[in-house]
There are 2 protein chains.
Amino acid sequence: MSKPITTPQLTPDHTELVILSLLREGPSYGYAISKLVAARSEEAFKVGPSQLYPLLTKLEKQGLVETDWEEIKAKSAGPDDNGRKRKWYKLSAKGQRRLQQRIEAHQRFTSIINSFIAGSEATGAVA
Amino acid sequence: MSKPITTPQLTPDHTELVILSLLREGPSYGYAISKLVAARSEEAFKVGPSQLYPLLTKLEKQGLVETDWEEIKAKSAGPDDNGRKRKWYKLSAKGQRRLQQRIEAHQRFTSIINSFIAGSEATGAVA
DNA sequence: TTGATATATATCGGTTGCAGATATATACGA
DNA sequence: TCGTATATATCTGCAACCGATATATATCAA
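Reference entry: report on the structure contained in this document. Because the structure is predicted, anything quoted here is derived from the model rather than measured. Within any chain, residue numbers begin from 1 and follow the written order of that chain's sequence. All chains are assigned letters beginning with A, and all ligands numbers beginning with 1, in the order in which they are written. Per-residue local features are limited, in this predicted model, to residues with pLDDT of at least 70; the limit for side-chain atom pairs, both in listing and counting, is 80 or more; totals at the level of whole chains, interfaces and linings are taken over all residues. With hydrogens and water stripped out, all remaining heavy atoms of the structure feed into the side-chain values.

## Side note on the interface of chain A and chain B
Thought 1: Should any heavy atoms of two residues lie within 4.5 Å, those residues are considered in contact. The interface is formed by 40 residues belonging to chain A together with 40 residues belonging to chain B.
Thought 2: Regarding the contact of chain A and chain B, the summed buried area is about 3600 Å², with carbon and sulfur atoms giving 71% of it.
Thought 3: Here the quantity called buried area is the total loss of accessible area, with a 1.4 Å probe, experienced by two parts when brought into contact, counted for both. Interface area lost by chain A to chain B is led by A:I5, A:F109 and A:F116, which between them contribute 21%.
Thought 4: Any Lys or Arg side-chain nitrogen located within 4 Å of an Asp or Glu carboxyl oxygen qualifies as a salt bridge. At the surface where chain A touches chain B, the tally comes to zero salt bridges.
Thought 5: N or O atoms closer than or at 3.5 Å make up a polar contact, with two conditions inside protein: a donor-capable atom paired with an acceptor-capable one, and, for residues adjacent in sequence, both atoms drawn from side chains. The interface formed by chain A and chain B includes four residue pairs in polar contact (both at pLDDT 80 or more).
Thought 6: Of all the elements in the fold, those that place two or more residues in the side of chain A that touches chain B are α1 (12-24), α2 (30-40), α4 (93-118) and α5 (120-123) of chain A.
Thought 7: Secondary structure elements follow DSSP: runs of H or I no shorter than four residues count as helices, runs of E no shorter than two count as strands, and numbering proceeds from the N terminus. Per-element tally for the side of chain A that touches chain B: the top contributor is α4(A), with 16 residues.
Thought 8: Each residue gets one label: Ala, Val, Leu, Ile, Met, Phe, Trp, Tyr, Cys and Pro are nonpolar, Asp, Glu, Lys and Arg are charged, and the others, such as Gly, are polar. Class assignment of the residues belonging to the side of chain A that touches chain B gives a composition of 18 nonpolar, 15 polar and seven charged.

Here is the structure:
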């Protein structure tokens, strides 16, 4: 028995759509995003570290998100560099436009897939 | 300038859904399927030979399709083996069940993606 | 008749993208 | 103190796919 069919995997484009959608609700950071994607999808979508961090870096390079380091101080903290850090990602104006494009692209995608599912009834072809 | 955003790519699961959907309308063969996918999707989806033939072979091995060779005879044809051939694919009962599963999985997929797009409004979270 | 294009199936080779593992470091509860 | 959770990041290998290539025939126009 192989694993049962639940949902198709995320393409890179769909992953970007999901992450930009989350960031539209407010800034977040890698670990939280990863957990949120799993929780909101009822574990259907999973974005692991090896997928997430390179993608976030790419979004940053493209100017779709702006980043900000938060120092999570331990009890005592000198001016050292070793404390735990949290990298916040905030949707930029460019990112919002990209999100809108991804949403529209997804709607076209869904529409075409549905036309295949509907089949000949929808195309006028003879059955 | 990179290519404009049109639709996300097809995952293997979505490609299978599209091809099984086409075969539900009646038997077809590789080249015709490739052309049909492009035509019906207004060129948004493209399934080239290197993607299509391995996939069709896989579907055949899984018993989702049944195959049948058609000899396309030239004007003269002895009992030779060199004539052009056409390999027909017909959806099996098992393939029909698989298609139904893929359709349901796609609907779950769409539903989850839409919930991300809808965002906080749909989740009860504070904006 | 010759050449270009379409039909038809199939494989190969390089690139991309990701899953799983590993690495590092801290916080917290049992 | 030991395991789990938080938090970011890279590495290694594998699988999938795009583009090209291969082979062979049919068709149509010049």
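## Thoughts on the packing of aromatic side chains
Thought 1: Centre distance within 6.5 Å is the pairing criterion for rings of Phe, Tyr and Trp, where only the six-membered ring of Trp is used; planes under 30 degrees apart are then read as stacked, over 60 as edge-to-face, and the remainder as tilted. Tallied over the full model, the rule gives six aromatic pairs over all chains.
Thought 2: Between A:F109 and B:F45, the ring centres sit 5.7 Å apart and the planes meet at 70 degrees, which makes this aromatic pair edge-to-face. Taken together, the positions of A:F109 in helix α4 and B:F45 in the loop between α2 (30-40) and α3 (49-61) put the pair across two chains.
Thought 3: Owing to a relative accessible area of 1%, B:F45 belongs among the buried residues under this scheme.
Thought 4: An aromatic cluster is defined as three or more aromatic residues linked by ring pairs; in this entry it consists of A:F45, B:F109 and B:F116.
Thought 5: Of note, A:K85 hangs over the ring of A:W69, and the distance from its end group to the ring centre comes to 6.0 Å.
Thought 6: The positively charged end of A:R86 is found above the aromatic ring belonging to A:Y29, 4.5 Å away from the centroid. Working definition: with a 1.4 Å probe on protein chains only, accessible area under 20% of the residue-type maximum means buried, over 50% means exposed, and in between means partly exposed. Throughout this description, the term charge over a ring refers to an Arg CZ or Lys NZ atom that lies within 6 Å of the ring centre and within 35 degrees of the ring normal.

## Some thoughts on the sheet that holds strand β3 (residues 84-91) of chain B
Strand pairing within a sheet occurs via backbone hydrogen bonds; the two strands may be parallel or antiparallel.
Residues and elements named next belong to chain B.
Thought 1: One open sheet holds the three strands; their spatial order is β1-β3-β2, and the pairing between them is antiparallel. Pairing within the sheet leaves two strands with one partner each, and these edge strands are β1 (28-29) and β2 (65-72).
Thought 2: By this definition, two strands are paired if DSSP reports at least two bridges between them. Two strands pair when backbone bridges link them, and β1 and β3 are joined in this way by two bridges, in the antiparallel orientation. For S28, the partnering residue across the bridge sits in β3 and is Y89.

## Describing the pattern of salt bridges
Thought 1: Considering all chains together, one arrives at 14 salt bridges over all chains under this definition.
Thought 2: Overlapping salt bridges bring together A:D13, A:E16, A:R98 and A:R102 as one network.

## Considering the pairing of β3(B)
Thought 1: Across eight bridges, the pairing between β2(B) and β3(B) is antiparallel. Directly across from B:E66, in β3(B), lies its bridge partner B:K90.

## Details of the side chain of B:R102
Thought 1: For B:R102, the position within the fold is in helix α4 (residues 93-118).
Thought 2: A polar side-chain atom of B:R102 sits 2.8 Å from a polar atom in the side chain of B:E16.
Thought 3: Aside from chain neighbours lying at most four places away, what touches B:R102 is A:I5, B:D13, B:E16 and B:L17.

## Details of unusual backbone geometry
Thought 1: Here A:E43, not a glycine, exhibits a phi torsion of approximately 70 degrees, which is positive.
Thought 2: Mapped onto the elements, A:E43 comes out in the loop between α2 and α3 (49-61).
Thought 3: Positive phi, close to 50 degrees, is recorded for B:E42, a residue that is not glycine.
Thought 4: You can see B:E42 is positioned in the loop between α2 and α3.

## Overview of the relation of the copies chain A and chain B
Thought 1: Residues below a pLDDT of 70 in either copy are left out; the C-alpha atoms of the rest, at least 70 in both, set the least-squares superposition of the copies. Structural alignment of chain A on chain B gives an RMSD of 0.0 Å, achieved by rotating through 180 degrees and translating 0.0 Å along the axis. Put plainly, the chains are arranged around a two-fold axis. Looking at the rotation axis and the C-alpha trace of chain A, the residue lying nearest is A:T11, at 3.2 Å.
Thought 2: When you check the interface residues of chain A against chain B, 100% turn up at the interface there too, and the contact is symmetric in its surfaces.

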